[in-house]
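# Architecture and fold: a report
Chain by chain, the residues run as shown.
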Amino acid sequence: MNEAEDFDPMEAEVPSPTKYTIAKEISRYQSITNQNGMLPALGHLLMFAHIVRIHFNRQSTIRDAYNKHLQTHRPRNVPKEVKQRRKLRVSLHIRRADSCGNDGIYEKEASPIDSNAQPTATRKCYQTFVYMDALKRVESMAKDRTIEVYLSTDHAGSVLHEIQAEDAEFFERITWKVLNYGRDIFSYMGNDSLVIEDPTHGNHGALGESAVTDLWLLSHGQVFIGHLGSRFGKIGWLLATARYNSFVPFFSVDGHSYCCEIDEACGEMIPYIRHMQDCMTYYFDGTDIEPNADYWEVGTTVRRSFVEREEAQMNKSANKKKKKKKKKKKKKTTTTSEEMEQ
């Protein structure tokens, strides 16, 4: 059950809504609805993000755990004028451990949107410099703002050491925020326990806590870099969207947008994402269509089958109405002719 929660300082900076601001916001949404009274794409996204945020009500134990494990690595010898610059907060989600299928091979380039699907057995992980390339692009676009990174990974210490070893100058320009849980809680691999969901490893409580606090960490980003081919990444991005009540720009290394299922070939499914309802609420387990036989090779193609069937039914219904209308018109014409003869 949800309980009242304290706002973080970042959220508390936002003034409490008044009757005037609420009315103004409602008026704004009404002004951008289309002729059918539907919200535009951004409206759908913000509504969905705020629903996720409402459900993500952190209880006191989670807030305490977050504050306890949060560590900040700040740049040293920073000039005063640089310290006074505005911050740009970046969420960074780096997948490691059992998230990496494909025999532990780490990709050297981000996957494009038309890349192959990544079901569990062929899920890809990426070299750390792939994420750093994206982060450097963000830094170059941020101009006179300093970068503050909120890093979520189960290899926080080793990832930071790797970044520092590869490019010490870049590392020292950035403020890094991580949740330091120690490596022991992530030692579920081995001893016949290969995945995080395995009930035998005994670390579920600590792993659950670290996952929830990491999601809250990711919610701070005004920009997201990581994996939208991951339900974890999707939730982190939605929480950030709700926090800022705005679209959060993203760089997804795995070739996925939010609209794609995590095990779809995103590029192939684009024609079947017809509107925001398809984007926000579709999931193949919610259909009555059986998974495709070649799922483990090509990922799920259920969306395509679902949309094709739905459109075929709509066309059939439209043709039926058309024929009925034509028949009615023909009958009326025949009746009129008979009346004229009389």
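Data block above holds the structure.
Residues numbered from 1 in each chain as written. Predicted model: local features only at pLDDT ≥ 70, side-chain atom pairs only at ≥ 80, totals over all residues. Heavy atoms only, no water.

## Looking at unusual backbone geometry
Residues other than glycine seldom take positive phi values, yet Lys 143 does so here, at roughly 55°. In this fold, Lys 143 is placed in the loop between helix 6 (128-142) and strand 5 (146-152). On the basis of relative accessibility, which here comes to 71%, the residue Lys 143 falls in the exposed class. One non-glycine residue, Asn 245, adopts positive backbone phi at about 50°. Mapped onto the elements of the fold, Asn 245 is located in the loop between helix 10 (231-244) and strand 8 (250-252). Looking at Asn 245, the relative accessible area reads 33%, which means it is partly exposed. (Helix = DSSP H or I, 4+ residues; strand = E, 2+ residues; numbered from the N terminus. Buried < 20%, exposed > 50% of the residue type's maximum accessible area, 1.4 Å probe, protein only.)

## Observations concerning the state of the cysteines
Tallied over the full model, the rule gives two disulfides. Linked covalently through their sulfurs, Cys 260 and Cys 266 form a disulfide whose S-S length is 1.7 Å. Here the S-S torsion is close to 65°, and the disulfide linking Cys 260 with Cys 266 is therefore right-handed. For the pair Cys 260 and Cys 266, one class covers both residues: buried. (Disulfide = S-S within 2.5 Å.)

## Let's talk about helix 3 (residues 41-55)
An ideal rise of 1.5 Å per residue puts 21 Å on 15 residues; helix 3 measures up with 22 Å between its terminal C-alpha atoms. Every buried residue of helix 3 is listed here: Gly 43, His 44, Leu 45, Leu 46, Ala 49, Val 52 and Arg 53. (Expected span 1.5 Å × (residues − 1).)

## Focus: the sheet that holds strand 2 (residues 87-93)
With mixed pairing, the six strands of this open sheet are ordered in space as 1-6-5-2-7-8. The sheet terminates laterally at strand 1 (70-73) and strand 8, the two strands that pair on one side only. The average undirected angle you get between the axes of adjacent strands in this sheet is 20°. Across four bridges, strand 1 lies against strand 6 (residues 175-179) in antiparallel orientation. Paired with Gln 71 across the two strands is Val 178, which belongs to strand 6. Across the sheet, helix 4 (residues 60-69) lies against strand 1 and strand 6, angled at about 30° from strand 1, the strand it touches most. Strands in contact with helix 10 are strand 2, strand 5, strand 7 (223-226) and strand 8; relative to strand 2, the strand with the most contacts, it is inclined by about 160°. (Pairing = 2+ DSSP bridges. Axes fitted to C-alpha atoms, helices over the stretch in contact; angles between N-to-C directions. Contact = heavy atoms within 4.5 Å.)

## Focus: the pairing of strand 7
Every second residue of strand 7 is oriented toward a common face, with Val 223 and Ile 225 on one face and Phe 224 and Gly 226 on the other, all of them buried. Bridge count for strand 2 against strand 7 is three bridges, and the pairing is parallel. Within strand 7, the position partnered with Ser 91 by the bridge is Phe 224. Inspection of the sheet shows strand 7 paired to strand 8 by three bridges, in the parallel sense. What sits directly across from Gly 226, in strand 8, is Ser 252. What joins strand 7 to strand 8 is helix 10, and the crossover it makes is right-handed. (Right-handed = clockwise from strand over helix to strand, strands pointing away.)

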